[in-house]
Structure formats: C-alpha cells, structure tokens
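Here are the chains, one letter per residue:
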Amino acid sequence: MTTAEIRVLTTAELSQLLGWAEAEGWNPGLDDTLAFHAADPSGFFGCFVDGQMVAGISAVTYGENFGFIGLYISHPDHRGKGYGLKVWDHAMSYLAGRSIGLDGVPAQQANYARMGFAPTYATVRWSGSYPALPASHPDIVAVTSDHFKDIEAFDARAFPAPRPAFLKAWLQPPHIARAIFRDGQLTGYGVARRCHDGFKIGPLFAETDGDAENLFSALAIAAGSETLHIDVPEDRTVFSAHLSGLGFTRGFETRRMIHGAPPDYEERLVFGVTTLELG
C-alpha cells in the first residue's frame, strides 16, 4: 500500500514547486525561491509518495493573525488521487486560527467559497511595455537599506500584517526597488522582478494615483524595453485607465478571498499586489 507523507519543503523542493508553477503558465520570478522561503521557512508543504513530490502548496504566516495560501499544484501525473486535498488540509490546519487569504481564478472561486472563503476585491493582470521610456521623476529614489524602516512602516499599512523578513529579501538585488518621497515623507514604493516572461511589478503601494504612475514609470525605466506585468485591484480605475492609455492590455482576473475575519489594512494604497502566490 502506497503511503503519502506531508512535510515541509526544502529550498530545493520549493524551487521544484516553482518550476511546476512555470509549467502551468504562472510565470514566477526567476529568483523567487529564497525570498519566498524567507517569508516563512515552515510554510511550504509537499505531499510525497515513495520519496517523490506529487503535490505542493504554500501557507505562509504573517504576524500573529494572518496567513496566505498559494502555489497549490498537483503534478499532472498524479491528479485525481487525493494528494492535492491532503496538502490543502495540512495547509489549512497550519494556518488555523488566522485570517487566511488567497487569490482565486474564476473557475475555482465557487470551490473556495464552499470551503468558507468570502470574495473581496477582484484583480486584473495588465501586461505591456512602454511605447517610449518616460523621463525619471526627481522624487523617486533607488531603495537602499537606509529606507527599510520607512518602507516597513508603509507596507504595514498596505498589507494585512507585518512581514519584515520577506521585505528584507524582496527589496534586495536582483530585484529592482524604487521609493517616492514628498517633503521628506515616503508616499509609496514598488518592486520589479525578472520572470520567465518579462518583469512583474509588485508590490506597487502608493498614496495617490500620481505616485503610483510615477513609480510604475521608474520601474519601467529600470526594466528597459521588457514586457511588464502587474496585478491591479479592479477599483483602481484611474491607474487602470493610465495603463490602458499606454497600450497595456487586460489579461486574466483573480479575486482576493478571505477565510475568517477580514484583515484590517488600507486597501486604497494597493495599486499592484505583491504576488498572487504570497499575497
């Protein structure tokens, strides 16, 4: 009789799971493994049969009260055997007692609703490249370690829980990180990372549409002529119109869904979600 074992993934196994995500067309970042792992080293699980990973999931904890589920994949050769449900149940048990978020594609939202997840805002994937690279903005700076405390405080307003370990890794090269200051105060920041196809921008957190547009432009300059992808909350209508005006096109949609108490944060600051895998 075959026995399935659920255990925490090593970084090499997390890289394997991200390889599955790439095969599914999810276009993960080329350097996601270590930054993802830093968020919660115990929050990535695999189901193994005869030493072979057959399903995986991320269930990352943030602070004391929030967690996020992503990277929920069964290997194509082992679907329909219940292994995916095993890692799902393990992940939900690991996050028990917390508010739990995920980003669900339309085809899966009814399934997640049956599991107790309630829909919140929709996000839209916008993709494209600048027709001509814009001029740099004088209020925008390349992020250094000197900016970390300001960014950490701003991020805690725009994300449901503190995530300092993740941020320290996410803001490091080869990721491109930019911040905007007005009158000495941080009013937004953004990160771009190279993916299998182009660059993804996330997070893009800002006080105003103008700040978001300027940060987006700065990240585009740094990325060069590469294709850019960003997941924008549907109600950021001014920013979305800006992207459309630049020739960016709408792609697939997801919806942020929450199990448990809705987390307290300033969703108005979110112009681009960090990742669909980790929230």
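Residues numbered from 1 in each chain as written. Predicted model: local features only at pLDDT ≥ 70, side-chain atom pairs only at ≥ 80, totals over all residues. Heavy atoms only, no water.

Engineer: Go over the nonpolar core with me, naming the residues and quoting the values.
Structural biologist: Ranked by internal contacts, the top residues of the largest apolar core, which has 43 residues, are Phe-36, Phe-44, Tyr-62, Leu-71, Leu-171, Tyr-189 and Leu-278. With 5 residues, the single largest contributor to this core is helix α1 (residues 11–23). Excluding residues within four positions of it along the chain, Leu-278 makes contact with Phe-36, Ala-39, Phe-44, Ser-58, Val-60, Tyr-62, Phe-68, Phe-159 and Phe-166. (Core = buried A, V, L, I, M, F, W, Y, C linked by side-chain atoms within 4.5 Å. Buried < 20%, exposed > 50% of the residue type's maximum accessible area, 1.4 Å probe, protein only. Helix = DSSP H or I, 4+ residues; strand = E, 2+ residues; numbered from the N terminus. Contact = heavy atoms within 4.5 Å.)

Engineer: For the packing of aromatic side chains, give the residues involved together with the corresponding values.
Structural biologist: Evaluated as defined, the whole model comprises 16 aromatic pairs. Here Phe-216 and Phe-248 contribute two aromatic rings whose centre-to-centre distance is 5.6 Å and whose plane-to-plane angle is 70 degrees, an arrangement assigned as edge-to-face. Note that Phe-216 is positioned in helix α7 (residues 209–223) and Phe-248 in the loop between α8 (237–245) and β12 (249–259), a separation of 32 residues in sequence. Members of the aromatic cluster, each reached through a chain of ring pairs, are Tyr-130, Phe-216, Phe-239, Phe-248 and Phe-271. Lying over the aromatic face of Phe-159, Arg-163 brings its terminal NZ or CZ to 3.8 Å of the ring centre. The ring of Phe-271 has Arg-236 sitting right over it, with the charged end atom 5.7 Å from the ring centre. (Phe/Tyr/Trp six-rings, centres within 6.5 Å; stacked < 30°, edge-to-face > 60°. Lys NZ or Arg CZ within 6 Å of the ring centre and 35° of its normal.)

Engineer: Account for unusual backbone geometry, with residues named and values stated.
Structural biologist: A cis amide bond links Pro-173 with the next residue in sequence, Pro-174, at an omega value of 10 degrees. Residue Gly-202 is joined to Pro-203 through a cis peptide bond whose omega torsion reads 0 degrees. Looking at the secondary structure, you find Pro-203 in strand β10 (residues 199–206). Unusually for a residue other than glycine, Asn-27 sits at a positive phi of about 55 degrees. Checked against the element boundaries, Asn-27 lands in the loop between α1 and α2 (32–39). Unlike most non-glycine residues, Leu-71 shows phi in positive territory, near 50 degrees.

Engineer: Describe the pairing of strand β11 (residues 228–233), naming the residues involved and giving the relevant values.
Structural biologist: β11 sits mainly inside the fold: 6 of its 6 residues count as buried. Taking every second residue as pointing to the same face, both faces of β11 are buried, with Leu-228, Ile-230 and Val-232 on one and His-229, Asp-231 and Pro-233 on the other. One ladder, built from 6 bridges, connects strand β6 (residues 117–128) with β11; its direction is antiparallel. Bridge assignment links Val-124 to a residue of β11, and that residue is Val-232. As paired strands, β10 and β11 are joined by 3 bridges and run parallel to one another. Bridging across to β11, Ile-201 finds its partner in Ile-230. Taken together, β10, α7 and β11 constitute a β-α-β crossover, and its handedness is right-handed. (Pairing = 2+ DSSP bridges. Right-handed = clockwise from strand over helix to strand, strands pointing away.)

Engineer: Tell me about the packing of α7 against α8, and please be specific about residues and values.
Structural biologist: Relative orientation of the contacting elements α7 and α8 amounts to 35 degrees, with a least axis distance of 9 Å. By crossing handedness, the relation of α7 to α8 is classed as right-handed. In this structure, α7 contributes Asp-209, Ala-212, Glu-213 and Phe-216 to the contact, and α8 contributes Val-238, Phe-239, His-242 and Leu-243. By residue class, the composition of the contact of α7 with α8 is 5 nonpolar, 1 polar and 2 charged. (Axes fitted to C-alpha atoms, helices over the stretch in contact; angles between N-to-C directions. Left-handed = near helix turned anticlockwise from the far one by under 90°. Nonpolar A, V, L, I, M, F, W, Y, C, P; charged D, E, K, R; others polar.)

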